[in-house]
There are 2 protein chains.
Amino acid sequence: MLGGMQDFELRVSTLLDHAAREHGAREIVTRWADGSETRSDWRGLAHDARRLAQALERMGIRRGDRVATLAMNHGHHLAAWYGTIGMGGVIHTINPRLFDDQLVYIANHAEDRVLFYDRAFQPIVDRLRGQWTSIERYVVMDGDGPGTLHALLEAEDGDYAWAEGSERDPCMLCYTSGTTGHPKGVLYEHRSTLLHAMLVVSPAVLALSSASVLLPVVPLFHAAAWGTPFAAPLAGAKLVFSAVNDAAVLCGLMNREGVTISSGVPTVWLAMFAHLDAAGTALPHLRMATIGGSAAPRAMIERLMDMGVEVKHLWGMTETSPVATAGAPPVGWADWPKDRKLDFLTKQGQIPFGVELTVIDDAGAHLPRDGASAGRLHIRGPWVVKRYFGAEADAIDADGWFDTGDVAVIHPDGTMQITDRSKDVIKSGGEWISSVELENAAVGCPGVAEAAAIGIAHPRWDERPLLVVVRKPDSDVDEGAIVAHLSGVVAKWWLPDAVVFVDSLPHTATGKLLKTALREQFRDYRLVAA
Amino acid sequence: MLGGMQDFELRVSTLLDHAAREHGAREIVTRWADGSETRSDWRGLAHDARRLAQALERMGIRRGDRVATLAMNHGHHLAAWYGTIGMGGVIHTINPRLFDDQLVYIANHAEDRVLFYDRAFQPIVDRLRGQWTSIERYVVMDGDGPGTLHALLEAEDGDYAWAEGSERDPCMLCYTSGTTGHPKGVLYEHRSTLLHAMLVVSPAVLALSSASVLLPVVPLFHAAAWGTPFAAPLAGAKLVFSAVNDAAVLCGLMNREGVTISSGVPTVWLAMFAHLDAAGTALPHLRMATIGGSAAPRAMIERLMDMGVEVKHLWGMTETSPVATAGAPPVGWADWPKDRKLDFLTKQGQIPFGVELTVIDDAGAHLPRDGASAGRLHIRGPWVVKRYFGAEADAIDADGWFDTGDVAVIHPDGTMQITDRSKDVIKSGGEWISSVELENAAVGCPGVAEAAAIGIAHPRWDERPLLVVVRKPDSDVDEGAIVAHLSGVVAKWWLPDAVVFVDSLPHTATGKLLKTALREQFRDYRLVAA
């Protein structure tokens, strides 16, 4: 049909162009690990990114090549993102906390050609550069001596036009470090990144505007810092980075820079509360805290609410760009009693435009949104993975659904609630028992320090729960007391068939229960009644 | 490269699917012209739209066909939009206030096959159906007798899957009624409409969430009601429609339904203020008023501010979907003195992501953002027209810029300010004199009822301003007094070379000064000094 609207590719570089043009003087502040601070702005970042693009081309980096970072949150890291993406490359953020074998696997699998890294990670580089097979250039990101990013930039003039191309071109690569098998790479595209940024800016998520001051505590190497570095230029917000994750530092920075929104995992807030109490200080500018990574405890949400901070759970994963749900205040919020608000906010939030969620049982049936029917949570949408980097098959089913590996219910009001990981859920007589809920209930029993629930094979019920408990140092709590406590909290058929006591439980490097090890440890355990 | 994100076409129907799924019980309320009210919700609208799609297919309407409406704001009108778009058709909203020859031209040029209309416009239909050459079916939208939209829907079951297709398919057609030549059709696409809706939802524009209650006073037939009917389902907002534009009705509806955001032209608020004063009532729920169509007077903005309502100018045109700028509060807003806020809000707002604006002089040079250099305002972006419907050439220049026909300056803070229409600006010695500013200054002179400034040919300066003035009934204000008044308000070289007095000025049907007629009237006028 004759007529129509203009042709524009949704390219990530247009975000930076917009911010430099319309909010050029809006600052990007970095507080470095050594206590020093540098200040740039969107205009300065655009200049740096153009110079970095020139430097990469001078190195022989070509469109589609992967450029890796091993770095904390700072303005130079962001310049590396936009410079790499701007010249048509793919920025690959590597999590420096991974094990050596993962660091080696990931960089080699990605075929990274350049590594930008913080001086603090020099020991990692020294240890692994012999095993990294594709990296040709190593560039230190902080400081300004020879061979640093600063020196690279100084050699260029910034007279550079962004690479053009399709909005379906890749722009970023993030690996997920699963508990089994090799890490898998999620290859974000310009289009998916831009649409996701539009979501993050919306009132359903960060409600970001040019008046916002955003401090992402979530690392840039973790699922694109939840999209905040792309949402900030879209909105023209001020960005504040801290290269160290220390509550006193963060608190000082938030108050000095007038931070209105912060994003991080729950432990950030535990440390912050301790600091606020010890220092007798407050966060008067903070308006919103978005929490992801794992569920925030009810008491944490309540304290933030009492501080006058709007609290939102964001749920998602590397495979979902990552934001998939957000706990935005619904109709009538102001009139809700506090308990109802807390009930709502402890769940994972509602489903924004662009995201579809469904819970599916083992038979493949889509379960009702009744707040009770737990099933495997599936997702689809324009910012959800289709195929992992280098994989030979799609990661989605015939209907386009990606299995998140989580077990969840969806409530009648559309709120989603994660109840377990699907590999941890205990399948008893065709029904699912949430290991997480059982554990949470058990640690509410006096004398219980930590608890893990795993499924043990059962001839009649398929699986039945075994509760593995670590007692508090001075406690002699026994099975009877624990089961009696649980009887008042969970359904009768959820009660563990047995409780065993151990001195300690196995954990991952990041402090999560290592259920695989626990299941291995109790592989030969036989329930008495079985 | 192997790997990537999911494939999703940005189709308008996904907005309705989302709202029906996640905010299904969020209401769509209509207050009809006869005082009755009907209440539906997003789930109900989705059902109606599916049934309407079935009915259109049953009529033989095919993908890409145009389906017209001649209707006020109500839920059935919205169902016609989503039903038509959902079956792959193009909804063509016709402005019932146009002249008959325009109504005939537009429907024939669009080759509309169906017309949905309000019973109130039966006289138009009776008068023009003999001249409409392509319309095969006429369907009344209101009421529920035989042949009505209601009857059509009742014959269908709603078991319908939306038409699939490209996001670049057309979905909507709106004609601009220029002052010269035939009206021109702007053909919106699924993709442009969806990206524009994401903009409208963002904090820079409406800051729409599922807690919002939106009453668009702007007609559905006017530039897609500024995108509100697409933004509302995206956010899950409640929509409230009034089929009549009467201040008492609107006020009652706003207070009864808890309307938080309203959008309309300035005259809506003039009438509302008069009603509020006369009835001694208020609008306690209203949080935001977005104003477009023409510039809101400073006093109007101030009164809304004093009511605790956030005021935003939205600027745009049919060719820009329409939102192109929005007066969003910038950094430090809360600390600004009131006068500074008013100065800011009387301008046309800032440039959001997705929109590029530039002002260009007659030599084609891009002018600086100095708040003083006035030039022709050009725009480009993914929701800006490329080519008018049925046109044989693009409406944009080689760099993709569309000439808005407005004259504007851009201030150093990125705020855009319209100063004139480019066909009305007076070009004197290579510099531009704003006819609008001259007129506004002139009506500030005691004794002046109305004033129009036009350019008169001048051998040395190319053009010089002539001021045409209507005196107030009891006034004998003369040229000397007017020029003396202007001397204190405008630059010396802006002062009119002559002032002439007339009994009345020519106006368009919508009350705007008809400068074309005035220029014709003074075609042979010679300036004394020339």
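Residues numbered from 1 in each chain as written. Chains lettered and ligands numbered in written order. Predicted model: local features only at pLDDT ≥ 70, side-chain atom pairs only at ≥ 80, totals over all residues. Heavy atoms only, no water.

(A) Spatial organisation of the overall build of chain A. The number of helices and strands found in chain A is 15 helices and 25 strands. When the backbone C-alpha atoms are referred to their principal axes, chain A occupies close to 75 × 60 × 50 Å. Buried residues in chain A amount to 59% of all 530 residues. When contacts within chain A are restricted to residue pairs at least 6 apart in sequence, long-range pairs at least 24 apart make up 65% of them. As displayed, chain A offers around 20200 Å² of accessible surface, 50% of which is attributable to carbon and sulfur atoms. The centroid of the 49 positive side-chain charges in chain A is displaced by 1 Å from the centroid of its 65 negative side-chain charges. (Helix = DSSP H or I, 4+ residues; strand = E, 2+ residues; numbered from the N terminus. Buried < 20%, exposed > 50% of the residue type's maximum accessible area, 1.4 Å probe, protein only. Contact = heavy atoms within 4.5 Å. Areas by Shrake-Rupley, 256 points an atom, 1.4 Å probe, with all protein chains shown as cover. Lys, Arg positive; Asp, Glu negative; His and termini not counted. Charge placed at Lys NZ, Arg CZ, Asp CG, Glu CD.)

(B) Expanded view of the state of the cysteines. Evaluated as defined, the whole model comprises zero disulfides over all chains. Of all cysteine sulfurs, the one in Cys171 of chain B lies closest to Cys174 of chain B, which takes part in no disulfide; the gap is 9.2 Å. (Disulfide = S-S within 2.5 Å.)

(C) Region of interest: the packing of helix H1 (residues 13-22) of chain A against helix H8 (residues 228-235) of chain A. All names here are of chain A. Interaxial distance between H1 and H8 falls to 7 Å at its minimum, and their mutual angle equals 40°. By the criterion of interaxial angle, the relationship of H1 to H8 is oblique. Considering how the two elements wind past one another, H1 and H8 form a crossing that is left-handed. Contacts between H1 and H8 involve Leu15, His18 and Ala19 on the former and, on the latter, Phe230, Pro233 and Leu234. Taken together, the residues of the contact of H1 with H8 break down into five nonpolar, one polar and no charged. (Axes fitted to C-alpha atoms, helices over the stretch in contact; angles between N-to-C directions. Parallel < 35°, antiparallel > 145°, perpendicular 65-115°, else oblique. Left-handed = near helix turned anticlockwise from the far one by under 90°. Nonpolar A, V, L, I, M, F, W, Y, C, P; charged D, E, K, R; others polar.)

(D) Spatial organisation of the packing of aromatic side chains. Residue and element names in this part refer to chain A. A full pass over the atoms with the stated rule returns 20 aromatic pairs over all chains. Aromatic rings pair up to connect Trp81, Tyr82 and Phe230 into one cluster. The ring centre of Trp336 lies 3.7 Å from the NZ or CZ of Arg340, which sits over that ring. (Phe/Tyr/Trp six-rings, centres within 6.5 Å; stacked < 30°, edge-to-face > 60°. Lys NZ or Arg CZ within 6 Å of the ring centre and 35° of its normal.)

(E) Summary view of the environment of Glu431 of chain A. All names here are of chain A. One can find Glu431 in strand S22 (residues 431-433). Relative accessible area serves as the criterion here: at 46%, Glu431 is assigned to the partly exposed category. Spatially, the C-alpha atoms of Glu431 and Gly280 are 49 Å apart, while their sequence positions differ by 151 residues. For Glu431, the contacting residues outside a window of four places in its chain are Ile426 and Trp493.

(F) Region of the structure containing the side chain of Glu439 of chain B. Within the secondary structure, Glu439 of chain B is located in helix H13 (residues 435-442). When sequence neighbours within four positions are dropped, the list of residues in contact with Glu439 of chain B reads Ala451, Ala452, Ala453, Leu513 and Lys515 of chain B.

(G) Here's a closer look at the sheet that holds strand S14 (residues 310-316) of chain B. All names here are of chain B. A sheet is described by the order of its strands in space; here eight strands give the open sequence S3-S2-S11-S10-S12-S13-S14-S15, paired in mixed fashion. Here the strands that pair on one side only, and so sit at the sheet edges, are strand S3 (37-41) and strand S15 (323-326). Pairwise comparison of adjacent strand axes, ignoring direction, gives a mean angle of 20° for this sheet. Pairing between S14 and S15: three bridges, direction antiparallel. The residue bridging Trp315 from the neighbouring strand is Thr325, located in S15. (Pairing = 2+ DSSP bridges.)

(H) Main features of the relation of the copies chain A and chain B. Overlaying chain A with chain B gives an RMSD of 0.1 Å, the required rotation being 180° about an axis along which the chain moves by 0.0 Å. Taken together, the turn and the small shift mark the pair as related by a two-fold rotation axis. Relative to the rotation axis, the C-alpha of Ser202 of chain A is the closest in chain A, positioned 2.4 Å from it. Comparing interface residues between copies, 100% of those in chain A also lie at the interface in chain B; the contact surface is shared. (Least-squares fit on C-alpha atoms with pLDDT ≥ 70 in both.)

(I) Geometry of helix H11 (residues 298-306) of chain B. All names here are of chain B. For H11, the complete set of buried residues consists of Met300, Ile301 and Leu304. The buried side chains of H11 occupy one side of the element, clustering within an arc of 100° when seen end-on. Looking at H11, the residues exposed on the side facing more than 90 degrees away from the buried face are Ala299 and Asp306. Contacts from the buried residues of H11 go to helix H10 (266-279), strand S13 (288-291), S14 and helix H12 (338-345). Looking one or two residues past H11, Gly308 carries a phi angle of roughly 85°, positive in sign. (Arc of directions from axis to C-beta.)

(J) How the structure looks around the nonpolar core. In this structure, Phe116 and Phe230 of chain A together with Phe116 and Phe230 of chain B are the most contacted members of the largest nonpolar core, which totals 181 residues. Excluding its chain neighbours within four sequence positions, the residues that come into contact with Phe230 of chain B are Val12, Leu15, Trp81, Tyr82, Ile85, Met172, Thr193, Ala197 and Ala224 of chain B. (Core = buried A, V, L, I, M, F, W, Y, C linked by side-chain atoms within 4.5 Å.)

(K) Structural detail: the sheet that holds strand S19 (residues 402-410) of chain B. All names here are of chain B. Spatial ordering of the open sheet is given by S16-S17-S19-S20, a layout of four strands whose pairing is antiparallel. Looking at strand neighbours, the two that pair on one side only are strand S16 (356-360) and strand S20 (416-421), the edges of this open sheet. The sheet shows a mean angle of 50° between the axes of neighbouring strands, direction not considered. In this structure, S16 lies alongside strand S17 (residues 375-380), joined through five bridges in antiparallel fashion. If you follow Leu357 over to S17, its bridge partner there is Ile379.

(L) Spotlight on the pairing of strand S25 (residues 498-502) of chain B. All names here are of chain B. In terms of burial, S25 is a largely internal element, four of the five residues being buried. Strand direction decides the pairing type here: strand S24 (residues 462-471) and S25, joined by five bridges, are parallel. Note on S25: the bridge partner recorded for Val469 is Phe501. Traced from S24 through helix H14 (residues 479-487) to S25, the parallel crossover comes out right-handed. (Right-handed = clockwise from strand over helix to strand, strands pointing away.)

(M) Representation of the interface of chain A and chain B within the structure. Each side of the interface is counted separately: chain A has 68 residues, and chain B has 68 residues. The interface formed by chain A and chain B holds 10 salt bridges in total. The salt bridge involving Arg21 of chain A is made with Glu356 of chain B; its shortest N-O contact spans 3.6 Å. There are 30 residue pairs in polar contact (both at pLDDT 80 or more) connecting chain A and chain B. No other element matches the seven residues that helix H7 (residues 190-201) of chain A contributes to the side of chain A that touches chain B. Of the residues contributing to the side of chain A that touches chain B, the split by class is 37 nonpolar, 15 polar and 16 charged. (Salt bridge = Lys/Arg side-chain N within 4 Å of Asp/Glu carboxyl O. Polar contact = N/O pair within 3.5 Å; in protein donor to acceptor, adjacent residues only side chain to side chain.)

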